[in-house]
Amino acid sequence: MGSKPELSVGVVSADLGNLTNELQILKDAGANYLHLDVMDGHFVPMLLDGGLLLKTIKAKSDIKVDVHLMTEQLEQNIPAFAAADIITVHVEATKHVHRAVQQIRDLGASVGLALNAATPLNVLEEVLPNLDLVLLVAINPAFPKQSFITATLDKLKRLMQIRNERELDFKISIDGGVNLDNAKMIAAAGADMIVSGSAIFKNAEIRKNIKDFRNEFKQGLKEKGE
């Protein structure tokens, strides 16, 4: 699964007025993905239509884009993000999960399913073989100033066990409340991808912040024995 864990940077936290420069910095610093949150104001209370931003990113950078749809009416919304490399939708947002998965697959993107913090893993049982990514959300999405829900790491470990038992190869990503204080712990728990936005763009030192994250990842894997 490549370098582990991969770092997906929440681009919504970037200085959008200086996006071209910041995209280049992220590429030079070795970001694996750009994570683009899309919010409809219904499934989550915030509103952010990322369609135009995705087009801008694709025009200015060749970093892969990981789109996280926090929206209802998935059948209508998914096609607008066909240019993404990964499209992740919430299992809680649709009664027709297989349909949404196939819709993403038909667009040529990798398929991700996201689970909110209180959603149990068993809702994924029938669809896991069809997935490229499972995104475990470690906060209540789109509510500001939340702390990382540490029980997500137990959920991660259980999902890893299920993956091993069923001999599947989807990636497991952690998103929400991720910062340098918990990055080592998340890496040690075994996440394949870690999403962080505000902790990367908290100051003008994007390169240093990414380097610091990588160092925390290394320390976490060292503690794990890898």
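Now for a look at the structure at hand. (Residues numbered from 1 in each chain as written. Predicted model: local features only at pLDDT ≥ 70, side-chain atom pairs only at ≥ 80, totals over all residues. Heavy atoms only, no water.)

Before going further, it helps to spend a moment on the overall build of the protein chain. Across its full length, the protein chain holds seven helices and nine strands. Radius of gyration (C-alpha) of the protein chain: 16 Å, near the 17 Å computed for a compact globule of 226 residues. In terms of overall dimensions, the protein chain has C-alpha extents of about 45 × 40 × 30 Å along its principal axes. Looking at the protein chain residue by residue over its 226 residues, the buried ones come to 52%. Look at the contacts in the protein chain between residues 6 or more apart in sequence, and 64% of them connect residues 24 or more apart. Split by element, the accessible area of the protein chain, about 10,700 Å² in all, is 48% carbon and sulfur. Positive and negative side-chain charges in the protein chain, numbering 25 and 29 respectively, have mean positions lying 4 Å apart. (Helix = DSSP H or I, 4+ residues; strand = E, 2+ residues; numbered from the N terminus. Rg over C-alpha atoms; globule rule 2.2 N^0.38 Å. Buried < 20%, exposed > 50% of the residue type's maximum accessible area, 1.4 Å probe, protein only. Contact = heavy atoms within 4.5 Å. Areas by Shrake-Rupley, 256 points an atom, 1.4 Å probe, with all protein chains shown as cover. Lys, Arg positive; Asp, Glu negative; His and termini not counted. Charge placed at Lys NZ, Arg CZ, Asp CG, Glu CD.)

Attention now moves to unusual backbone geometry. Unusually for a residue other than glycine, Gln-73 sits at a positive phi of about 50°. Tracing the sequence through the fold places Gln-73 in the loop between β4 (64–70) and α3 (74–77). When its relative accessible area of 52% is taken as the criterion, Gln-73 is described as exposed. Within the chain, Glu-167 stands out as a residue other than glycine whose phi angle is a positive 55°. Its place among the elements puts Glu-167 in the loop between α5 (151–166) and β8 (171–175). Overall, Glu-167 belongs to the exposed group, its relative accessible area being 73%.

A few words on the side chain of Thr-152. Looking at the secondary structure, you find Thr-152 in helix α5. Ignoring anything within four residues of it in the chain, the contact list for Thr-152 reads Leu-136, Val-137, Ala-138 and Ile-174.

A word on the packing of helix α1 (residues 19–29) against helix α2 (residues 51–60). The axes of two packed helices give the description: the angle between them and the distance between them. Look at α1 against α2: their axes get within 10 Å of each other, and the N-to-C directions meet at 60°. Comparing their axes, α2 and α1 come out oblique. By crossing handedness, the relation of α1 to α2 is classed as right-handed. Here α1 contributes Leu-19, Thr-20 and Leu-23 to the contact with α2, which in turn contributes Leu-53, Thr-56, Ile-57 and Lys-60. Residues belonging to the contact of α1 with α2 are distributed by class as follows: four nonpolar, two polar and one charged. (Axes fitted to C-alpha atoms, helices over the stretch in contact; angles between N-to-C directions. Parallel < 35°, antiparallel > 145°, perpendicular 65-115°, else oblique. Left-handed = near helix turned anticlockwise from the far one by under 90°. Nonpolar A, V, L, I, M, F, W, Y, C, P; charged D, E, K, R; others polar.)

Another aspect to go through is the side chain of Ser-61. Within the secondary structure layout, Ser-61 lies in the loop between α2 and β4. A polar contact of 3.1 Å, which involves the side chain of Ser-61, links it to the backbone nitrogen of Ile-63. (Polar contact = N/O pair within 3.5 Å; in protein donor to acceptor, adjacent residues only side chain to side chain.)

With that out of the way, let us pick up the pattern of salt bridges. A full pass over the atoms with the stated rule returns 10 salt bridges. With a closest N to O distance of 3.1 Å, Lys-27 and Asp-62 form a salt bridge. Here the residue Lys-27 occupies a position in helix α1, and Asp-62 occupies one in the loop between α2 and β4, the gap between them amounting to 35 residues. Here Lys-27 falls in the partly exposed class, since its relative accessible area comes to 39%. By relative accessible area, which is 57% here, Asp-62 ends up exposed. Taking the shortest distance from any N to any O, the salt bridge between Glu-223 and Lys-184 comes out at 3.4 Å. Separated by 39 residues along the polypeptide, Glu-223 in helix α7 (residues 206–224) and Lys-184 in helix α6 (residues 183–189) bring together distant segments of the chain. Each of Lys-4, Arg-163 and Asp-192 takes part in a single network of salt bridges with overlapping partners. (Salt bridge = Lys/Arg side-chain N within 4 Å of Asp/Glu carboxyl O.)

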